[in-house]
Amino acid sequence: MTDVATLHAAFAGHIAAALDALEAAGTLPHGLNRANVAVEPPRDPAHGDLATNAAMVLAKPAGTNPRALAEALVAELTKLPEVTSADIAGPGFINLRIDRSAWLTELRAIAALAGDYGRSTMGGGKMVNVEYVSANPTGPMHMGHCRGAVVGDALATLLEFAGHRVTREYYVNDAGGQVDVLARSVHLRYREALGEAVGEVHEGLYPGDYLVPVAQELAAEFGDKYVAAPESEWLVTFRARAVAAMLVMIRADLALLGIHHDLFSSEAELQAAGKPEQAEQWLRAHDLVYDGQLEAPKGKTIEDWEPVELPLFRSTRFGDDQDRPIKKSDGSWTYFGADLAYHFQKAETADALVDIWGADHAGTVKRIKAAVAALTAGSGKEKPFEIKIVQMVQLLRNGEPVKMSKRSGNFVTLADVVQEVGKDVVRFTMLTRKPEAQMDFDFAKVVEANKDNPVFYVQYAHARIRSTLRKGAEAGFAPSDAALERLGEEELELIKLGAQFPRLIEAAAAAREPHRVAFYLYDLAGALHAYWNVGNDRPEKRFIVAQDAQLTGARLYLAAQIGQLIKNGLALLGVEAVEEM
RNA sequence: GCGCCCGUAGCUCAGCUGGAUAGAGCGCGAGACUUCUAAUCUUGAGGUCGCAGGUUCGACCCCUGCCGGGCGCGCCA
């Protein structure tokens, strides 16, 4: 990475330096928390290029009033050569105007940093573990998994770009009852592969045809050895083979979306290593697990409910409505029991944990966070642990809900959707809504080629730029920073919007919200299109002005940098920046 | 019954961790364009930020209580 400071980083530094100066002069006490000091463009551009709330945030802890502090800050900031004016507004905002040469310098910074423009050291190399997808290995990926997969993957990329070291992890639930059902389902298909007429697949088993290939392999390898054998003889083998086959399929499905995990962690291995026992032991020693009776579930009546004594985690202490079992009555671990040990294990190597979960698991957030917080605190390795919930996606076709039949296992697969609308459309669309809000995904709308469609709009902006650069090259014009001073106010506005990219990256990463990148790109594309449209009626406002090579060079240089920004942003979302459409 | 999420323009949604006069697209009104700088453009109207309190210099944002919608609530995963 080239050593070029972006305007955003430079001004964060300038404000900090000004505050340091005030501390040295005794105007400001030492050691104030500056975490809430922000430097950002004011909402109303008429107020200036940059604004800081430093005086308002620090006035109270400093025991002074905002305007007095602001005046002292302004005195420092006006010393900077690139600051043309610094005014105090409202309750104590400081509005700065930046010399246009600084914006042109920023444009050169984009060119110099290219794919690294916007990259941040904010994360300080901290190891963040992002766990996402983690679908049960019992079948292909379907649309229910899609949103979490895309959000998790984009978040992981974003965090990397913001200076974290990231592990993309998939937790494989290969130890529960569902993988036994999988093994039995494959056994049925195995008998079928050997010529037996198995008829309708039993209700409790997985009916999907995707089990046929692995069953055929087993048939070819073992012949009829296990046809009549008791389950105990084949279950372990069939289960292992089936899970392995399902994971191959799941990886292939995820690859269609450009998603590749670094680590697949096995629940069965975790249990074999005795991790849940260790966790239980500690929790018991600290009175967080006890043997008790589970209450009957609320809100519905269960006829055969019988209280039994189980090891329970005291989740009621943490806001849950009842204590939760970590083991079943047969002595095996519940999902929760294994999961808390799993997260504890992850916390041993990572500096922070982020899980992406579907809304159907939202009810279990409190208990797992409480258990993990207790375990990590107990070992002196308390780690931030966030769980991001992604809400349901309703599939529509021309406004009508897409029917899904659960009975036959006839769900809409991720592969089908990617095949129909393409990877880029799926990924971008999943990111044009904050994850905690429900969303509609209309097959008809997401592929429309018009400005209502954000995917198209952003990709088109990039293609337009690339096409312009090609046309310019054909006519003998190359982007050049030799005469950037020829750029006018309209161009400057575009640069100012572009210069927000580094700040946006840090804010989005800190909030763990990759969708902000998508919305920013939509804004940037809109600004580019608007600028372009002026040239429709006024040829002298086009990027290529044949009789003015100097101006054309400067405008193409601007175009190239905006294109670079869009490309960088799309890369974070895992969407291709196309050359033409 | 309980928990979590959502509620912002007619519709679909943003709103940068509490900042300045709450934004965009669609739709609607008015005008322009008949085109490869193509897959439209310009402009206007449109708001009790679900409701009611509270916290403070300041609230769409935080707290409490309601209302409406979604998801979930067995030792399943």
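## Describing the packing of helix α6 (residues 177-193) against helix α7 (residues 212-222)
Moving on, step 1. Where α6 contacts α7, the axes come no closer than 8 Å and their chain directions differ by 60 degrees. Classified by the angle their axes make, α6 and α7 are oblique. Note on packing geometry: the crossing formed by α6 with α7 is right-handed. On the side of α6, the interface is formed by Val186, Arg189, Tyr190 and Ala193, while α7 contributes Val212, Val214, Ala215, Gln216, Leu218, Ala219 and Phe222.

## Points about the protein's contact with RNA strand B
Moving on, step 1. In the neighbourhood of RNA strand B, 63 residues make up the surrounding shell, with Phe93, Leu294, Val308, Tyr460 and Arg542 lying closest.
Moving on, step 2. What you see for RNA strand B is that sugar and phosphate hold 61% of its atoms within 4 Å of the protein.
Moving on, step 3. In this structure, Asn95 approaches RNA strand B through a side-chain N or O atom, which is 2.7 Å from a base nitrogen.
Moving on, step 4. Here Arg464 contributes a side-chain N or O atom positioned 3.2 Å from a phosphate oxygen of RNA strand B.
Moving on, step 5. Those elements that place two or more of their residues in the surface near RNA strand B are α2 (54-62), β4 (93-98), α6, α15 (454-474), α17 (501-510) and α18 (515-537).
Moving on, step 6. Of the residues forming the surface near RNA strand B, the biggest block, seven residues, is contributed by α18.
Moving on, step 7. Classifying every residue of the surface near RNA strand B by side-chain character gives 26 nonpolar, 17 polar and 20 charged.

## Details of the packing of aromatic side chains
Moving on, step 1. Per the counting criterion, the structure on display carries 16 aromatic pairs.
Moving on, step 2. Measuring from ring centre to ring centre gives 5.2 Å for Phe456 and Tyr460, while their planes differ by 25 degrees; the resulting arrangement is stacked. Pair noted here: Phe456 and Tyr460 are both in helix α15, with a separation of four residues, about one helical turn.
Moving on, step 3. Phe456 gets classed as buried once you look at its relative accessible area, which sits at 18%.

## Regarding the side chain of Asp180
Moving on, step 1. Tracing the sequence through the fold places Asp180 in helix α6.
Moving on, step 2. Apart from the residues within four sequence positions on either side, Asp180 is in contact with Leu235 and Arg239.

## Some thoughts on the nonpolar core
Moving on, step 1. Core analysis: the biggest nonpolar cluster contains 144 residues, and Phe11, Leu96, Val426, Phe441, Phe501, Val517 and Ile562 have the highest contact counts within it.
Moving on, step 2. Looking at this core, the element that brings in the most residues is helix α19 (residues 549-573), giving 12 residues.
Moving on, step 3. Ala279, Phe336, Ala347 and Ala374 belong to the second largest nonpolar core, which has 30 residues in total.

## Focus on the environment of Glu221
Moving on, step 1. With respect to the helices and strands, Glu221 occurs in helix α7.
Moving on, step 2. Under the relative-accessibility criterion, Glu221 is labelled partly exposed at 48%.
Moving on, step 3. Within the structure, Glu221 has its side chain in polar contact with the side chain of Arg241 (distance 2.7 Å).

## Considering the domain arrangement of chain A
Moving on, step 1. Along its sequence, chain A is carved into domain 1 (7-98), domain 2 (177-240), domain 3 (273-350 + 367-387) and domain 4 (454-573).
Moving on, step 2. Computed from C-alpha coordinates alone, the two centres of domain 2 and domain 4 are separated by 57 Å.

Here is what the cut-offs are and how they apply
Residues numbered from 1 in each chain as written. Chains lettered and ligands numbered in written order. Predicted model: local features only at pLDDT ≥ 70, side-chain atom pairs only at ≥ 80, totals over all residues. Heavy atoms only, no water. Axes fitted to C-alpha atoms, helices over the stretch in contact; angles between N-to-C directions. Helix = DSSP H or I, 4+ residues; strand = E, 2+ residues; numbered from the N terminus. Parallel < 35°, antiparallel > 145°, perpendicular 65-115°, else oblique. Left-handed = near helix turned anticlockwise from the far one by under 90°. Contact = heavy atoms within 4.5 Å. Near = heavy atom within 4 Å. Polar contact = N/O pair within 3.5 Å; in protein donor to acceptor, adjacent residues only side chain to side chain. Nonpolar A, V, L, I, M, F, W, Y, C, P; charged D, E, K, R; others polar. Phe/Tyr/Trp six-rings, centres within 6.5 Å; stacked < 30°, edge-to-face > 60°. Buried < 20%, exposed > 50% of the residue type's maximum accessible area, 1.4 Å probe, protein only. Core = buried A, V, L, I, M, F, W, Y, C linked by side-chain atoms within 4.5 Å. Domains from an automatic or database assignment.

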